[in-house]
Structures are given as structure tokens and as C-alpha cells.
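One-letter residues, chain by chain:
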Amino acid sequence: MVKRVAVIGAGVSGLSSIKCCLDEDLEPTCFERSNDIGGLWKYTETSTDGMTRVYKSLVTNVSKEMSCYSDFPFREDYPNYMNQGKFWQYLQEFAEHFDLLKYIQFKTTVCSVTKCPDFSISGQWDVITETEGRQDRAVFDAVMVCTGHFLNPRLPLESFPGINKFKGHVLHSQEYKIPEGFQDKRVLVIGLGNTGGDIAVELSRTAAQVLLSTRTGTWVTGRSSHGGYPLSMMAIRRSHNFIKQMLPSCVLKWIQERQMNKIFNHENYGLSIIKGKKSKKIVNDELPTCILCGTVTMKTSVKEFTETSALFEDGTMEENIDIVIFATGYTFSFPFLEEPLKSLCTKKIFLYKKVFPSNLEKATLAIIGFFGLQGSILPGTELQARWATRVFKGLCKLPPSQKLMADATKVEELIKRNLIIDTSEDKLNYISYLDDLAACIGSKPNVPLLFLKDPRLAWEVFFGPCTPYQYRLMGPGKWNGARNAILTQWDRALKPLKTRVVHDSSKPASISHYLKVWGTPVLLASLLLLCKSSLCCKLLRDLQDRISPYQINIW
Ligand SMILES: Cc1cc2nc3c(=O)[nH]c(=O)nc-3n(C[C@H](O)[C@H](O)[C@H](O)COP(=O)(O)OP(=O)(O)OC[C@H]3O[C@@H](n4cnc5c(N)ncnc54)[C@H](O)[C@@H]3O)c2cc1C
Ligand SMILES: *[C@@H]1O[C@H](CO)[C@@H](O)[C@H](O)[C@H]1NC(C)=O
């Protein structure tokens with residue numbers, strides 16, 4: 001019987017895991033090496049502790065209704081996209097509401113997680129931790145690893161000849177916090193992911209010039225969609241996913257590219273993806289404008305550095321560069337695990353549904369939050385944790401480890417022989433992946449049945465945004481507030497915008513004015529007409545408000 005569970009890390013994934021353990025009557029103990037919750041969302045002024053954390057200006061890239069815990073909606077006055085401080089505040093509210101803090105041991109680093117000698121029978125783990133120089137040891141029935149995707153900065157200096165000769169300042173985006181110290185400098189940002197784009201835009205306001213170098217290019221989308229509705233609420237819908245899966249991939253790609261080039265032509269802006277490279281997408285509202293205004297200049301990849309300049313692949317040269325920022329991402333590892341588990345876990349092919357290592361005879365170790373998703377990762381970590389805790393308890397079954405290993409090894413072999421493409425590092429389709437996990441638990445919403453039982457709700461579930469509450473409608477983990485949360489999701493999205501409500505000017509008051517001035521039966525007729533048309537206008541406007549959030553938008 002699994003009872004005691006060790007949770008490593010108290011970020012988004014760790015908090016999900018503690019909560020799900022409690023929901024399943026398990027006893028979680030969470031070890032967090034820093035002194036607070038929130039993981040990378042806890043802003044600090046320096047990164048001397050080597051931890052990856054947000055920069056000061058970071059704003060979420062998925063809207064609030066799409067990135068909340070499924071039974072804990074954001075307060076309605078929270079903006080749709082929020083700065084790091086507000087997002088951290090939400091995590092704090094979540095932890096307090098479900099009383100999670102008392103299960104966390106702060107300033108405690110997990111040093112090693114090894115199988116107990118009788119692992120094949122007990123499935124237990126020996127966990128060694130260190131708190132301010134003091135070591136502790138304890139045995140746990142299961143372990144949830146929640147140490148994140150962004151553990152160590154990737155700094156590929158070897159691919160940049162001459163970087164050692166470069167006299168200016170070189171840093172990794174992990175060290176970047178605020179735009180101070182960059183005034184009037186010529187800055188080269190290497191790497192165009194979400195972070196590289198954000199830093200380039202922010203520095204473009206203070207630096208003399210920002211050069212942004214990308215090897216492959218990327219699609220750039222904004223945070224809002226038609227009518228200013230949050231893009232993630234418009235794009236991530238069951239109805240769209242359904243259409244997407246019906247369309248041949250080349251047609252889908254054509255439509256998506258057309259939609260993205262409609263806002264601005266990526267090729268003209270030096271952003272288009274090199275032929276044959278994988279499609280990539282970032283969220284950035286200002287980058288196109290910065291390029292248009294010349295404050296950010298797009299460049300190809302760097303071929304070579306000299307003491308003060310950079311030579312690019314296309315033969316161009318940029319002189320007098322003061323600072324180079326590597327926004328080249330992160331690597332991950334599991335330093336506390338033992339071999340062969342340690343190496344196996346870094347290969348996503350060997351993680352069953354991205355959670356369970358395939359080589360364990362007992363499924364008592366789960367990796368939570370170690371995946372990319374085409375949407376917010378938060379609801380994904382929650383479903384992973386819901387599923388994992390039920391597997392620990394034996395309520396959900398996994399295929400035997402021999403079969404998992406055989407399958408994964410076969411896939412690895414095919415990739416090595418170039419017979420299939422390795423997609424294990426690609427971002428997963430949001431709805432498909434979440435549905436897959438929910439189906440394992442028995443909490444996947446049954447949409448056809450819902451149309452029979454509750455058509456209004458079913459309409460919103462199928463045609464509306466696929467918000468996390470959908471996974472609390474039925475089955476284990478059902479939450480009674482889920483239906484209402486779904487039916488009020490647009491209210492919460494629009495509430496923070498309605499801070500200046502203008503009263504409708506076409507009110508009967510103006511009609512009585514006409515009546516007073518003309519006051520004849522002839523004009524009574526025209527009044528009727530007017531009345532009708534203003535009513536008509538109002539109806540139309542209302543209808544449009546209701547319809548626009550349903551426009552087809554397949555990003
Ligand atoms: C700059 C940036 C912006 C992002 N923006 C968004 C966004 O807008 N929307 C979105 O959905 N996602 C975003 N993400 C993705 C982000 O990964 C998730 O939002 C989420 O924070 C992941 O949480 P996590 O708990 O898995 O990892 P983390 O937040 O990294 O937490 C891991 C925790 O584990 C602890 N830990 C690590 N090793 C040990 C150990 N040995 N012992 C004890 N504790 C340990 C760490 O101290 C840390 O607290 C962003 C990521 C970055 C880097
Ligand atoms: C949001 O930004 C983070 C950090 O760069 C990234 O990992 C994630 O995939 C982004 N999400 C979306 C939906 O673009």
C-alpha cells in the first residue's frame with residue numbers, strides 16, 4: 001500500500017502534486033531547496049543561487065482562464081495575462097486555500113533517490129535530503145519528481161568560434177532580470193524563443209541597438225485575437241481540434257501559415273522559418289513593431305566573433321557590439337537519481353505518457369511537468385499528478401515494464417535508423433494530451449452524453465475554450481463548481497477589461513426628445529421605425545458579442 005509520497009520541488013508541478021496526493025488520501029512530504037513556493041515564478045533580484053527564475057517584466061503567455069488549477073479559478077479581477085508577481089500571488093492563494101504549505105520543507109535539497117533493497121516487492125525509495133548542512137534520510141512509498149524543465153542554462157559556446165576573444169560582456173538569459181546597465185549599448189541577443197524575443201523587445205527601449213540572431217526563424221503570435229479576445233481562449237477549443245484532425249496536414253499547414261502571415265508577413269520581417277526546419281511559435285506582441293521601427297534588427301546565426309564584432313552566416317558584419325546575451329534555452333537532468341534510471345529519464349521516449357519511466361518494475365516514481373504543451377503547462381501537470389497518484393494507489397494500471405521498454409526501444413531504434421522523425425521533444429497537442437490522461441483516470445468529459453443531458457454546458461464545452469474545469473465535470477476528482485466555472489468563464493475574462501463602462505447612448509431618452517420636437521402622428525410612425533432599428537442594432541450588437549468568441553480560429 002502506497003502511503004508516504006516524496007514530492008521534489010514546490011513549483012507549479014510540485015504544488016499540483018501535493019494537492020493531488022491529499023485528494024487521494026496520500027501523505028505528501030515536499031522538499032524544496034529554495035525558501036519559497038512557486039519555483040521559477042518567484043522573482044528575485046539576482047540569480048546567484050543558480051536557479052532559473054523569471055525576469056521582472058515577464059507576462060504570462062497563456063490567458064488566465066486557460067492556465068489555472070481546474071478547481072481553483074483566478075479571481076475575476078485578475079487580468080487575462082499577468083505579470084510574474086500576480087501569477088506568483090495566485091500560486092500562493094492556491095497553496096493557502098488548500099492548506100499545502102505545511103507539507104513543504106523549505107531550504108531542503110534532495111541529494112539522492114535510490115531504490116530500497118527490496119524494491120521489487122515494496123516499490124519503496126530511499127531519499128537523502130540536506131537542510132542547511134544537515135543530512136536526513138527517509139523511506140518513501142512513492143516519489144514525484146517536480147524539478148522542472150529549466151534546470152541548467154544551455155550555453156553552447158563551442159559552436160561560436162572566437163567567443164573567447166570577444167572583449168564585451170557575455171551572459172545567459174538566466175542572469176537577465178531588468179534592463180539596467182544596457183543603456184546606449186549595442187546588444188546582440190542570440191536565440192529567438194519566448195525569452196529571446198522578450199529580452200530583445202525590452203532592451204530595444206534603452207539600448208542603442210538590439211540585434212536578434214536566429215538560426216531557424218519562428219512564427220510570432222500576439223496575446224489577443226479577433227475582437228481583442230485572448231488568443232488562447234479562441235484557439236484552444238474542442239471544435240477546432242476536431243476540424244484540425246479532419247484536415248489533411250498540408251491543408252492545415254497552409255491555412256495556419258496564411259492566418260499567421262495575415263497579421264504581418266513573416267518573410268518581410270526576417271522571421272520566416274527556414275525550409276525543412278520544424279515549425280516553431282512564440283508569443284510576442286511587440287516584436288513585429290520593433291522590427292518595423294528598426295529598434296530590433298533581425299540577423300542570421302553568428303559564424304564567428306572577433307574582439308568587438310560578430311560575423312554572420314550571410315556574410316554581414318556587425319561592429320562595436322558591447323553585450324551578447326545567449327537566450328539559448330536550458331538543459332535538464334536528474335542529478336539525484338542513480339543510473340540507469342538517471343539517463344533513461346532524460347529520454348522522453350522512455351517516459352510512458354511523459355510521466356512514468358518504463359524500466360521500473362514498480363510504478364512508484366513519476367516525473368511531473370517534464371514536457372512541452374501547446375498551451376499552459378499548469379493544467380497538464382495537474383492531470384499528470386492526478387493520474388500518477390491513482391497509479392500509485394493501484395486504481396489505474398500501467399502496461400508491464402517489459403512491454404513499455406520493448407515499445408520504447410523499438411521507437412528509439414526506428415529514430416536512429418531515420419525511419420521515423422523524433423517528435424518526443426515537440427510540444428504536445430493540448431487537448432489530445434489532456435484528454436488522453438483524463439481518459440486514464442476516467443475524467444474525460446463525454447461530450448455526446450453531455451449534449452443530451454445539459455446542452456447549454458455541452459455547447460460551451462465543445463465550441464467554447466477548453467478550460468481546465470472541463471476535467472472536473474465527471475469521474476474521480478469531480479468538482480461541483482465545474483459547471484458554473486465553465487458557464488462564467490467569459491465573465492471572468494471580460495471583467496478586468498470593464499473598468500470604464502460607457503452607458504448605451506441609444507436609450508429611449510433620445511426618442512422622447514424627437515417626440516417633443518415634432519409631436520405629430522406622422523412622426524409617431526417614424527418613431528416606431530427608429531425604435532425598431534435601435535432595438536435591432538442592440539440585438540445585433542448583443543448577438544455579435546455572443547458570436548465573436550466562437551469564430552473559427554485554427555492556429
Ligand atoms: C522565462 C519563462 C517563462 C515562462 N512563461 C510561461 C507562461 O507564461 N505560461 C506557462 O504556462 N508556462 C511558462 N513557462 C513554463 C514554466 O516551466 C511553467 O510555467 C512552470 O513554472 C513549471 O513549473 P515546475 O514546477 O515544473 O518547475 P519550476 O518552476 O522550475 O520548479 C522546480 C522547483 O524544484 C526545485 N528543485 C529543483 N531541484 C531540487 C532538488 N534537488 N531538491 C529540492 N528542490 C529542487 C526548485 O527549487 C524549484 O522550486 C515559462 C518558463 C520560463 C523559463
Ligand atoms: C510560454 O513561455 C514558456 C517559456 O519560454 C514556454 O516554455 C512555453 O511553451 C510558452 N507557452 C506557449 C503556449 O507559447
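Residues numbered from 1 in each chain as written. Chains lettered and ligands numbered in written order. Predicted model: local features only at pLDDT ≥ 70, side-chain atom pairs only at ≥ 80, totals over all residues. Heavy atoms only, no water.

1. Digging into the environment of lysine 56
Checked against the element boundaries, lysine 56 lands in the loop between strand E2 (27-31) and helix H2 (84-97). Through-space distance from the C-alpha of lysine 56 to that of glutamine 374 is 24 Å; in sequence the pair is 318 residues apart. What lysine 56 contacts, discounting residues up to four positions off in sequence, is Tyr43, Gln84, Lys177 and Ile178. (Helix = DSSP H or I, 4+ residues; strand = E, 2+ residues; numbered from the N terminus. Contact = heavy atoms within 4.5 Å.)

2. Brief notes about the packing of helix H6 (residues 238-246) against helix H14 (residues 455-463)
It is the contact of H6 with H14, at a shortest axis distance of 5 Å, that shows an interaxial angle of 50°. With respect to each other, H6 and H14 are oriented oblique. Side by side, H6 and H14 meet where Arg238, Ser239 and Phe242 of the first sit next to Val461, Phe462 and Phe463 of the second. Its residues assigned to classes, the contact of H6 with H14 shows four nonpolar, one polar and one charged. (Axes fitted to C-alpha atoms, helices over the stretch in contact; angles between N-to-C directions. Parallel < 35°, antiparallel > 145°, perpendicular 65-115°, else oblique. Nonpolar A, V, L, I, M, F, W, Y, C, P; charged D, E, K, R; others polar.)

3. Remarks on the site of ligand 1
In the region of ligand 1, 27 residues are neighbours, and Ser13, Glu32, Leu40, Trp41 and Asn61 sit closest. Within the side chain of glutamate 32, one N or O atom sits 2.6 Å away from an oxygen atom of ligand 1. Between ligand 1 and serine 376 there is a distance of 3.4 Å, counted from an oxygen atom to a side-chain nitrogen or oxygen. The protein chains hide 91% of the 990 Å² of surface that ligand 1 would expose on its own. Secondary-structure elements contributing two or more residues to the shell around ligand 1 are helix H1 (12-23) and strand E4 (108-115). In terms of residue class, the shell around ligand 1 is made up of 13 nonpolar, 12 polar and two charged. (Near = heavy atom within 4 Å. Polar contact = N/O pair within 3.5 Å; in protein donor to acceptor, adjacent residues only side chain to side chain. Areas by Shrake-Rupley, 256 points an atom, 1.4 Å probe, with all protein chains shown as cover.)

4. Points about the domain arrangement of the protein
According to the domain assignment, the protein consists of domain 1 (4-151 + 332-416), domain 2 (156-218 + 281-328), domain 3 (223-272 + 510-555) and domain 4 (445-497). In this assembly, 10 residues from domain 3 lie in contact with 16 residues from domain 4. If you look at where domain 3 meets domain 4, you find zero salt bridges. Here domain 3 is connected to domain 4 by five residue pairs in polar contact (both at pLDDT 80 or more). Residue assignment for the side of domain 3 that touches domain 4 shows that the elements contributing at least two residues are helix H5 (231-235) and H6. Considering each element in turn, the side of domain 3 that touches domain 4 owes the most residues, three residues, to H6. Residue classes in the side of domain 3 that touches domain 4 are distributed as seven nonpolar, one polar and two charged. (Domains from an automatic or database assignment. Salt bridge = Lys/Arg side-chain N within 4 Å of Asp/Glu carboxyl O.)

5. Some words on the sheet that holds strand E22 (residues 365-367)
Spatially, E3-E2-E1-E7-E22 is the arrangement adopted by the five strands of the open sheet, whose pairing is parallel. Bordering the open sheet on either side are strand E3 (104-105) and E22, each of which pairs with just one other strand. As paired elements, strand E7 (residues 142-145) and E22 share three bridges and run parallel to each other. In the sheet register, valine 143 faces E22, and the bridge partner there is leucine 365. On the sheet, helix H10 (residues 378-392) packs against strand E1 (4-8), E7 and E22 and is oriented at approximately 165° with respect to E7. (Pairing = 2+ DSSP bridges.)

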